[in-house]
Amino acid sequence: MQVNRLYSVLLVTALLGGGVGTTLAADAKAADPKVVEVQKMIDGAEKARKKAASVDSEWRDTGKFIKQAQAALKAGDYDKAMKLARKAEDEGNLGYQQGVSQQELHLPSYLKY
Amino acid sequence: MSISNLKLSVMAGAVTLLAGQILPLPSLAAEGSSVVAEGKAIALSRKKGNCLACHLIEGGEFPGNLGPPLIAMKARYPDKQKLRAQIWDPTAANPESAMVPFGRNKVLTEAEMDKLVEYIWTL
Amino acid sequence: MKKLLNRVAVLAIAGTVSMGAQATTPEEDRNAFNKLYKWRFSGVPMEEFVNGAYAIDPIGRENWEAIEEFPPYEPFIDEGEVMWETPFANGKGYKDCFPDGPAIAGNYPHWDKEQGMVMTLPLALNQCREANGEKPLKYKKGSITNIVAYTAFQSRGQVTNVVIPDDDPRALAAYENGRKFYFTRRGQLNFSCSTCHLQNTGMKVRTEILSPTLGQTTHWPTYRSKWGTVGTLHRRFTGCNKNIRAKPFKAQGEQYRNLEYFLTYMSNGLELNGPGARK
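Bear in mind that the values here come from a model prediction, so they are computed numbers and not experimental data.

With that out of the way, let us pick up the overall build of chain B. The secondary structure content of chain B amounts to 6 helices and 0 strands. Going residue by residue from the N terminus, the α and β elements of chain B occur as α-α-α-α-α-α. When contacts within chain B are restricted to residue pairs at least 6 apart in sequence, those whose partners lie at least 24 apart make up 51%. Summed over its atoms, the accessible surface of chain B is roughly 7100 Å², and 67% of this surface lies on carbon and sulfur atoms.

A few words now on the interface of chain C and chain A. Listed by partner, the interface residues are 28 residues for chain C and 17 residues for chain A. In total, about 2100 Å² of surface goes out of reach between chain C and chain A, with carbon and sulfur atoms giving 56% of it. The interface formed by chain C and chain A contains 1 salt bridge. With a shortest N-O distance of 3.8 Å, C:Lys247 and A:Glu58 are connected by a salt bridge. Scanning the region where chain C abuts chain A turns up 14 residue pairs in polar contact (both at pLDDT 80 or more).

In this structure the tally under the stated criterion is 1 disulfide over all chains. A disulfide bridge connects C:Cys97 with C:Cys128, and the sulfur atoms are separated by 2.1 Å. Judged by the torsion about the S-S bond (75 degrees), the C:Cys97/C:Cys128 disulfide is right-handed. On the criterion of sequence distance, the pair formed by C:Cys97 in helix H5 (residues 94-97) and C:Cys128 in helix H6 (residues 121-131) is long-range, its members being 31 residues apart. With relative accessibility at 32%, the residue C:Cys97 sits in the partly exposed group. Distance from the sulfur of B:Cys51, which forms no disulfide, to the nearest cysteine sulfur (B:Cys54) is 8.9 Å. The thiol of C:Cys193 is unpaired, and the distance to the nearest cysteine sulfur, on C:Cys240, comes to 7.5 Å.

Residues and elements named next belong to chain C. Applying the stated rule across the entire model yields 20 aromatic pairs over all chains. Between phenylalanine 76 and tyrosine 223, the aromatic rings sit 6.4 Å apart at their centres with planes inclined by 50 degrees, giving tilted as the arrangement. Taken as a pair, phenylalanine 76 in helix H4 (residues 74-85) and tyrosine 223 in strand E5 (residues 222-224) lie far apart in primary sequence, 147 residues in all. Relative accessible area serves as the criterion here: at 18%, tyrosine 223 is assigned to the buried category. An aromatic cluster is built from Phe33, Tyr37, Phe41, Phe49, Tyr175, Tyr182, Phe183, Phe262 and Tyr265, whose rings are joined through pairwise contacts.

All right, on to the interface of chain B and chain C then. Each partner contributes to the interface: chain B provides 23 residues, whereas chain C provides 16 residues. Of the roughly 1500 Å² buried between chain B and chain C, counting both surfaces, carbon and sulfur atoms make up 46%. The interface formed by chain B and chain C includes 0 salt bridges. In this assembly, chain B and chain C are joined by 10 residue pairs in polar contact (both at pLDDT 80 or more).

The next point concerns the side chain of C:Arg206. Checked against the element boundaries, C:Arg206 lands in the loop between strand E3 (204-205) and strand E4 (208-209). Here C:Arg206 occupies a buried position and makes no salt bridge, while the nearest side chain of opposite charge, B:Glu61, is found at 7.5 Å. A polar atom in the side chain of C:Arg206 sits 2.6 Å from the side chain of B:Asn50. Once you skip the residues sitting within four places of it in the chain, C:Arg206 turns out to touch B:Leu44, B:Arg46, B:Asn50, B:Leu52, B:Ala53, B:Glu61, B:Phe62, B:Pro63 and B:Gly64.

Residues and elements named next belong to chain B. Overall, the prediction assigns chain B a mean pLDDT of 82, with 74% of residues at 70 or greater. With pLDDT under 50 throughout, residues 1-28 is counted as low confidence; its partners more than four residues away or in other chains account for 9 contacts. The ipTM, which scores confidence in the relative placement of chains, is 0.87 for this predicted complex, and the corresponding pTM is 0.87.

Residue and element names in this part refer to chain C. Relative to the 16 Å expected for 12 residues at 1.5 Å per residue, helix H3 (residues 58-69) spans 17 Å between its end C-alpha atoms, a close match to the ideal helical length. Residues of H3 that are buried include every one of Gly60, Arg61 and Trp64, and no others. For H3, the arc enclosing every buried residue in end-on projection is 100 degrees, short of the 170-degree limit, so these residues lie on one face. Set apart from the buried face of H3 by more than 90 degrees, the exposed residues are Pro58, Ile59, Glu62, Asn63 and Glu69. Here the buried face of H3 lies against strand E7 (276-278).

Reading the values: the criteria
Residues numbered from 1 in each chain as written. Chains lettered and ligands numbered in written order. Predicted model: local features only at pLDDT ≥ 70, side-chain atom pairs only at ≥ 80, totals over all residues. Heavy atoms only, no water. Helix = DSSP H or I, 4+ residues; strand = E, 2+ residues; numbered from the N terminus. Contact = heavy atoms within 4.5 Å. Areas by Shrake-Rupley, 256 points an atom, 1.4 Å probe, with all protein chains shown as cover. Buried area = accessible area lost by both parts, 1.4 Å probe. Salt bridge = Lys/Arg side-chain N within 4 Å of Asp/Glu carboxyl O. Polar contact = N/O pair within 3.5 Å; in protein donor to acceptor, adjacent residues only side chain to side chain. Disulfide = S-S within 2.5 Å. Buried < 20%, exposed > 50% of the residue type's maximum accessible area, 1.4 Å probe, protein only. Phe/Tyr/Trp six-rings, centres within 6.5 Å; stacked < 30°, edge-to-face > 60°. Lys, Arg positive; Asp, Glu negative; His and termini not counted. pLDDT = per-residue confidence, 0-100. Expected span 1.5 Å × (residues − 1). Arc of directions from axis to C-beta.

Here it is, written out as structure tokens:
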């Protein structure tokens, strides 16, 4: 009972919170399933970028691509937005792999002790 | 090692096949030379291959010397796919390689890789 | 049987190598670096390494010596002196924070046990400002470089002597984090600092000769023709990270401060000669 109430409060907050952030223009377009789909891709890219950053291995332009993707989406250029989001997500994943693969320090063989 | 090479060549084969189906091919010879020219542009561009940063390439200006001169490539790489694999990810053969993994890290697209390899193989 | 024995041998060797690799002390690291550079540049006297690429590049050196005749960093030193002498709004000044100053560059970086972090000169200068109600300065360029240029100039001739105190294990951990940073490949181009400045030191990327890590910390801030002004060490870190298409870290953030701690330790014994001039 108590728990249920907590969940519904959370749910309402989440819904309201989501609504507050979106602009009017986005609201109008939000009905368009294409917009939702592209936004999902951009969100996925952002998640990948954060994962790379969490192991200190984010690449230089990943954040820039995400910003550009968001701008392209706003301008209605879905193809461009998807291409950029895909590129950013790839970079995020590759950066993360790069960081994880080096969690352990291996001193190079050319450095002789 | 040999398995991944095999995979690569199969993949590359598939790409070539696809390209063959999609792209209109005016004449084989003309297509060959324009692919090489495009590959050269990719190799020399600072934003793309930037191979000159580290390799001497005949006719290229201000080469670095981190890597060996790119000469006699056909003799040294009779198997074009091995050449492609070296450029795709040099750290596979040498984990301490100072060369950029152009394919693995998507510095170049697979299509760009193909053109680049055609050009490098002419050196 | 023979195969088995071979395998055991390989395992044993692999075991000792990786154990040994992880368990090196800072002094062992420094000796290994020195050994590599001495071997690589056998004709170059140790004290020359403070001059970076110009220690190993005779052509670049000629240009550089001409530039040093009218040092481009001089006006920045002068402005820094004015800053040093001018009291803050509350009547106090840098002098009150640094009673031994301005020749204090040789004390940095050091382990600050109270704050539990590596303390660098720019950070200490800003902490002084903030303690006196002044706004902190930006860390990569601008007036921070003036005050650091002045203290660097006053500190010329001091000897790099980074200490890793053994009464606080966090100090060694900070050093080891800096070392890990140095050897970690980053960015789309997949380089570590070590790839360029250790493995390939002396080689050319395009026309740039890669300087040794040894001596890289002795001459900051540095006037770079490319910048057209003086910049801090962490600005240079930012540049080297961006070149390999890695997202740079925050200037004076933990990663770069630990890196500075490690890097400066490698140069222990070398004289301070800041500010510097580079192309």
